[in-house]
Amino acid sequence: MTEPKSEFLREAKARGFVHQITDEAALDARLASGVPQVAYIGFDATADSLHAGSLVQIMLLRLFQRTGHRPLVLMGGGTTKIGDPSGKDTARKLLTEADIAANIVGIRRIFDKFLVFGATQAISADNAEWLDTLAYIPLLRDVGRHFSVNRMLTMDSVKTRLERDQPLSFLEFNYMVLQSYDFVELAKRYGVALQMGGSDQWGNIVMGAELGRRMAGLDLFGLTTPLLTTASGGKMGKTADGAVWLNKERLSPFHYYQYWRNTEDADVARFLKLFTDLPLAEIAKLEKLAGAEINEAKKILAFETTKLCHGGDAATQAAETARQTFEQGGSAEGLPTVEVPQAELAAGIAIADLLVRAGLAASKGEARRLVQGKGAKLNDATVEDEALRVTEAALSQDGTLKLTAGKKRHALVKVG
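The model shown is predicted, which means the values in this text are computed figures rather than measured ones. (Residues numbered from 1 in each chain as written. Predicted model: local features only at pLDDT ≥ 70, side-chain atom pairs only at ≥ 80, totals over all residues. Heavy atoms only, no water.)

Caption draft 1: Examining the pairing of strand β3 (residues 70-76) more closely. With six of seven residues buried, β3 lies mostly within the body of the structure. Examined bridge by bridge, strand β2 (residues 38-44) and β3 share seven bridges and lie parallel to one another. The residue of β3 that forms the bridge with Ala39 is Pro71. Regarding the hand of the β-α-β motif, the stretch spanning β2, helix α3 (residues 55-66) and β3 is right-handed. Relative to strand β4 (residues 123-126), β3 runs parallel, the two being bridged by four bridges. When the sheet's bridge partners are listed, Leu72 is paired in β4 with Ile123. (Buried < 20%, exposed > 50% of the residue type's maximum accessible area, 1.4 Å probe, protein only. Helix = DSSP H or I, 4+ residues; strand = E, 2+ residues; numbered from the N terminus. Pairing = 2+ DSSP bridges. Right-handed = clockwise from strand over helix to strand, strands pointing away.)

Caption draft 2: The packing of aromatic side chains, seen in detail. The final tally for this structure, using the stated rule, is eight aromatic pairs. Both rings, one in Tyr256 and one in Trp260, keep their centres 6.1 Å apart while their planes meet at 70°; by these two values the pair is edge-to-face. Remark: Trp260 and Tyr256 occur in helix α12 (residues 253-261); sequence separation between them is four residues, near one turn of the helix. We classify Tyr256 as buried; its relative accessible area is 0%. Trp260 sits in the buried class, given a relative accessible area of 0%. Measuring from ring centre to ring centre gives 5.4 Å for Phe271 and Phe275, while their planes differ by 70°; the resulting arrangement is edge-to-face. Highlighted residues: Phe271 and Phe275, both in helix α13 (residues 268-275), separated by four residues, approximately one helical turn. Of the residues examined, Phe271 reaches a relative accessible area of 2% and is grouped as buried. When its relative accessible area of 2% is taken as the criterion, Phe275 is described as buried. An aromatic cluster of three or more residues is present, and its members are Tyr256, Tyr259, Trp260, Phe271 and Phe275. (Phe/Tyr/Trp six-rings, centres within 6.5 Å; stacked < 30°, edge-to-face > 60°.)

Caption draft 3: Region of the structure containing the nonpolar core. Counting 66 residues, the largest nonpolar core has Phe8, Phe111, Trp260 and Phe275 as its most contacted members. Here this core gets eight residues from one element, more than from any other, and that element is α3. Not counting chain neighbours up to four residues away, the residues in contact with Phe8 comprise Leu31, Leu60, Leu63, Phe64, Thr67, His69, Met196 and Leu223. In terms of nonpolar packing, the next biggest core, distinct from the first, is built from 30 residues, Met152, Met155, Tyr175 and Ala187 among them. (Core = buried A, V, L, I, M, F, W, Y, C linked by side-chain atoms within 4.5 Å. Contact = heavy atoms within 4.5 Å.)

Caption draft 4: Main features of the sheet that holds β3. Reading across the sheet, the six strands line up as β1-β6-β5-β2-β3-β4 and stay open at both edges, with mixed pairing between neighbours. The strands lining the two open edges of the sheet, one partner per strand, are β1 (20-21) and β4. On the sheet, helix α11 (residues 202-216) packs against β1, β5 (192-198) and β6 (221-225) and is oriented at approximately 170° with respect to β6. (Axes fitted to C-alpha atoms, helices over the stretch in contact; angles between N-to-C directions.)

Caption draft 5: Layout of the environment of Val371. Tracing the backbone shows Val371 in helix α19 (residues 364-372). The spacing of Val371 and Glu384 is 13 residues in sequence and 6.7 Å in space, taken between C-alpha atoms.

Caption draft 6: Expanded view of α3. With twelve residues, α3 extends 16 Å from end C-alpha to end C-alpha; this agrees with the ideal 16 Å at 1.5 Å per step. By the criterion of burial, α3 is predominantly enclosed, with eleven of the twelve residues buried. Turning to α3, its buried residues number three or more, namely Leu55, Val56, Gln57, Ile58, Met59, Leu60, Leu61, Arg62, Leu63, Phe64 and Gln65. Just downstream of α3 lies Gly68, where phi reads positive at about 95°. (Expected span 1.5 Å × (residues − 1).)

Have a look at this one:
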């Protein structure tokens, strides 16, 4: 296809967001018509935060709004009760309604940072509003009759499980039916014309567009993003220490900044296009940097991504903390901090306990393994003894001590 006429598709393609599109020419014409369109992406509430693996979808919605259209964030209050089998070898853990509601609150806060919500701006919806009230027999008659089981069995989310002889519950098998129904319901309620999602959602999105045509004569479109991995083949949004969460309660702004600061050289330009609002012309200049100079581009990437997720003040503090810690060798007061009672420190605290309390290890066992692997440091000195008890003697002149896990995660401990 020639260069798209619509600003959204031009920008989305140039930045690397586009993998597949249904009827691209017709979608481009709709987006270039001068009438703002509505597009949605669904997010199931399986945790109280999203992680960096969801940022491609979030930034795509942000781009959709920046180019004059209305993004719709669909919270999966209903579909979370079933669990999306896409990309999973086993069934997801079933959550209670209270868990799902709490998770939605946490996730919704993230979108307030990336999108502008309002009467003519971004929209937030929850599919529990219509899925929870569906009656089984009417659903089978009105929706189920449009689905071919033969075709459903060819979808990757189903086929992969069957090929590996792994169980797929009838509950999960219904997920694509409900996701398809969401598309139709959103088209009726909000005028949604486009569903977007990761490449693993292609089958579900296509089936939703077809359901809209069969049930209501609707012209609906789909767009998917490519599967994103790091240059070394790692999964986006995951590190050896776990998920890179977008809520500060899960991961501090400093550690979020450091995740992006440590981007592989080969990924810097690509990530600048996907995860920042920087103009493409400016990114093209940064893309030419090589050798030691590429570190400047990494700092810009880290600052811009942290600013979007946590605000300008947090990004500035994280950048300054990183500079003091890594360029000047200081302890840097901006590091995540944990307070311990003076009496405890006077008596001595086991290094494993301290690593857990500082958020640098998930359990005492993990902390001990960290020490055994020479991955734990106290005041920049490697901890050799897993039975070490840390006392007031370890405090520096400013009354703090610095803990390190691996090469990139740090925390301060001070007397409370």
